[in-house]
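What the coordinates show
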Amino acid sequence: MSTVRTRVTTITGHRLFWPLVVLLVLLAANTIHRPSFLSVELKNGHLYGSLIDIVRLSAPLILVALGMSLVIATGGIDLSVGSVVAVSGAVACLYISEQPDQDGLGAVLTALALAFGIALLLGAWNGVLVAVIGIQPIIATLILMVAGRGLAQLITSGQIITINSGPYKTIGVGHLLTLPFAIIVALAVTLVVAVLTRRTALGMIIEAVGGNAEASRLAGVRSRRITFLVYVVSAACAAIAGFMMTANVSSADGNAAGLWVELDAILAVVIGGTALTGGRFFLSGTVVGALIIQTLTTSVYAMNIDPQTALLFKAVVVIAVCLIQAPAFRARFRRRRPSTVAPTSVTAQQKEQVPA
């Protein structure tokens, strides 16, 4: 019996247990509301279904959340990822819209390279402010959050740039090997980040910087360089997400593209078990957290929940997820077992030793 209890405790104590339970509950609720929710079918060599759509729509958030995980692991925060999404999408769409042949692969690749390079510069800007100048991360990235959104609207001249490019549209709604191309890109980026951070010393160094940057520096770790690097990586992930979001609708809106995605990314990281205090990060938990948020968003629309209460409903669910995976919160509701140790009787010798 004790062995079974130990195994159950081990399973329920895993950091992915409760997020996966919440994800399964959301999927079950959608299945009850719409029995065909879990069905996946193959049409013209492409997989279609609600589950496929959820993963495809989760791809941009997964990318942003991956970069956010590394930043939070160093004890920082990046509030500018939404603006980087808007800037990268705006630059790419603007360049393509000015080309005589928008379907030209060379023009699309040039647009992606140009937009990606600008995103890296924005990430480097954040890295310099935080790692070199020493500005608090929330303040440094808040600057770019505001300025970057204005830059995106400046690039688009306050208008929605519409394009008609087949190769660019493939990034958002295309397919490869029966799967949506966005899923493959998100999976590839996730694997690259996982290999670099878990199969090399980079992940341990990032966690060491987040645990104690000064101690890491004294131990020989170039903590400033690592801090600079994670902000650049975060911007790079946000840029790819920006390509997906704008390609999905074949247009760039400097005001709406990537709006508040930074908050969803932070929630995904926290739901996945990464503490905002830094020091540890869990990429698998971040991916599950992003899937939970997108499933929740899909559920809100599928169940025809009033849009005015949708955000409140989403907030309640996210709070519930965070609470049930908090050990201190669960401990309050854990049933206390009564003591099975029988009270010992006082012997005559002990009575004689007790002073009157």
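Read on for a plain summary of the structure.

Conventions used here
Residues numbered from 1 in each chain as written. Predicted model: local features only at pLDDT ≥ 70, side-chain atom pairs only at ≥ 80, totals over all residues. Heavy atoms only, no water. Salt bridge = Lys/Arg side-chain N within 4 Å of Asp/Glu carboxyl O. Buried < 20%, exposed > 50% of the residue type's maximum accessible area, 1.4 Å probe, protein only. Helix = DSSP H or I, 4+ residues; strand = E, 2+ residues; numbered from the N terminus. Phe/Tyr/Trp six-rings, centres within 6.5 Å; stacked < 30°, edge-to-face > 60°. Lys NZ or Arg CZ within 6 Å of the ring centre and 35° of its normal.

1. Describing the pattern of salt bridges
Going through the model one piece at a time under the given rule, you end up with 4 salt bridges. Between Lys43 and Glu41 there is a salt bridge, and its shortest N-O distance comes to 3.4 Å. Of the residues examined, Lys43 reaches a relative accessible area of 43% and is grouped as partly exposed. Two residues, Arg280 and Glu207, come together in a salt bridge whose shortest N-O distance is 3.5 Å. Highlighted residues: Arg280 in the loop between helix 12 (261-271) and helix 13 (283-302) and Glu207 in helix 9 (residues 202-211), separated in sequence by 73 residues. Taken together, the shared-partner salt bridges in this structure form one network comprising Arg198, Glu207 and Arg280.

2. Some words on the packing of aromatic side chains
Using the criterion set out here, one finds 1 aromatic pair in the structure. Note on Phe17 and Trp18: the rings are 5.0 Å apart at their centroids and 80 degrees apart in plane angle, and the pair reads as edge-to-face. One Lys or Arg, Arg198, reaches over the ring of Phe281 and ends 4.1 Å from the middle of that ring.

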